[in-house]
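Here's the letter readout for the chains.
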Amino acid sequence: EALTHFPNSETVLLAKASAEQNSDKPEDALKTVAIILKENPESKKALSYKNSLNQSLRLHAIGISSSIDSYSEVFDPMKYITLKYKRSTKLGSIIAKVNLSRRFATNAAQYEVDFYPRIVKGLYAYLNVGFSKSSLYPDVRFGAELHKSLPHSFEVSLGIRTLKYTSTTN
């Protein structure tokens, strides 16, 4: 109704783009945002939304993160680096990770795979498996969890995590 009365309104077009994205039509949302940017190329809201849409439409992504924990005691700083590759598929996202760390004068590596399959609208899962031969990480880690979207931006989940060092913890 608003589109018939205000077809060029940035606010209305942004609402349309949001509805298109929420209806699993991100390409249509991107076209709608392009209409806004054609009229107003400097629109910060439209540019930000376009960037967000482009991020969600990427099939491949590579990332790196790092951190250092430093202490007032006489410990060496703990260093962490994660390298990851994400692949978006029709079933959901798959993320392969390599976690590298240096703690207590020991170098360590852990290899992980995360999978976020979409089951039905509002219900998705999280599956994780990881391996390491270092004492700093568990030999094997496993996780499985179901997530359900609720009204008012709430979410509920139920799952299990397993870490196997010399003994197994669930």
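This structure is a prediction, so every number in the text was calculated from the model and none was measured.

Novice: Help me out: how do you make sense of the side chain of Gln-110 in this one?
Specialist: In this structure, Gln-110 sits in strand 4 (residues 106–120). Judged by relative accessible area, which is 2%, Gln-110 ranks as buried. Contacts of Gln-110, omitting those with residues within four sequence positions, involve Lys-97, Val-98, Asn-99, Phe-131, Ser-132, Tyr-137, Pro-138 and Arg-141.

Novice: Looking at this structure, I do not really get the environment of Thr-166. What am I missing?
Specialist: In this fold, Thr-166 is placed in the loop between strand 7 (154–164) and strand 8 (168–169). Given the relative accessible area of 86%, Thr-166 is considered exposed. It is 8.3 Å that separates the C-alpha atoms of Thr-166 and Asp-139, two residues lying 27 residues apart in sequence.

Novice: Explain the packing of aromatic side chains to me, please; I cannot follow it from the model alone.
Specialist: The geometry of two aromatic rings is summed up by the distance between their centres and the angle between their planes. Applying the stated criterion across every chain, the model contains one aromatic pair. In this structure, Arg-103 packs its charged tip against the face of Tyr-137, placed 5.2 Å from the ring centre.

Novice: Could you clarify how one ought to interpret helix 4 (residues 44–57) in this entry?
Specialist: In an α-helix, one turn spans 3.6 residues; hence positions three or four apart end up facing the same way. With 14 residues, helix 4 ought to run about 20 Å at 1.5 Å a step, and its terminal C-alpha atoms sit 20 Å apart, in line with that. Among all positions of helix 4, only Ala-46, Tyr-49 and Leu-53 are buried. Buried residues along helix 4 cover an arc of 65° about the axis, so they all sit on one side.

Novice: Is there a simple way to think about helix 2 (residues 10–22) in this case?
Specialist: Between the first and last C-alpha of helix 2 there are 18 Å, a value that for 13 residues agrees with the 18 Å anticipated at 1.5 Å per step. Along helix 2, the positions that sit buried rather than exposed are Val-12, Leu-13, Leu-14, Ala-17 and Glu-20. Of the surrounding elements, those touching the buried residues of helix 2 are helix 1 (2–5), helix 3 (26–39) and helix 4. Remark: Asp-24 follows helix 2 within two positions and exhibits a positive phi of approximately 60°.

Thresholds, definitions, all that
Residues numbered from 1 in each chain as written. Predicted model: local features only at pLDDT ≥ 70, side-chain atom pairs only at ≥ 80, totals over all residues. Heavy atoms only, no water. Helix = DSSP H or I, 4+ residues; strand = E, 2+ residues; numbered from the N terminus. Buried < 20%, exposed > 50% of the residue type's maximum accessible area, 1.4 Å probe, protein only. Contact = heavy atoms within 4.5 Å. Phe/Tyr/Trp six-rings, centres within 6.5 Å; stacked < 30°, edge-to-face > 60°. Lys NZ or Arg CZ within 6 Å of the ring centre and 35° of its normal. Expected span 1.5 Å × (residues − 1). Arc of directions from axis to C-beta.

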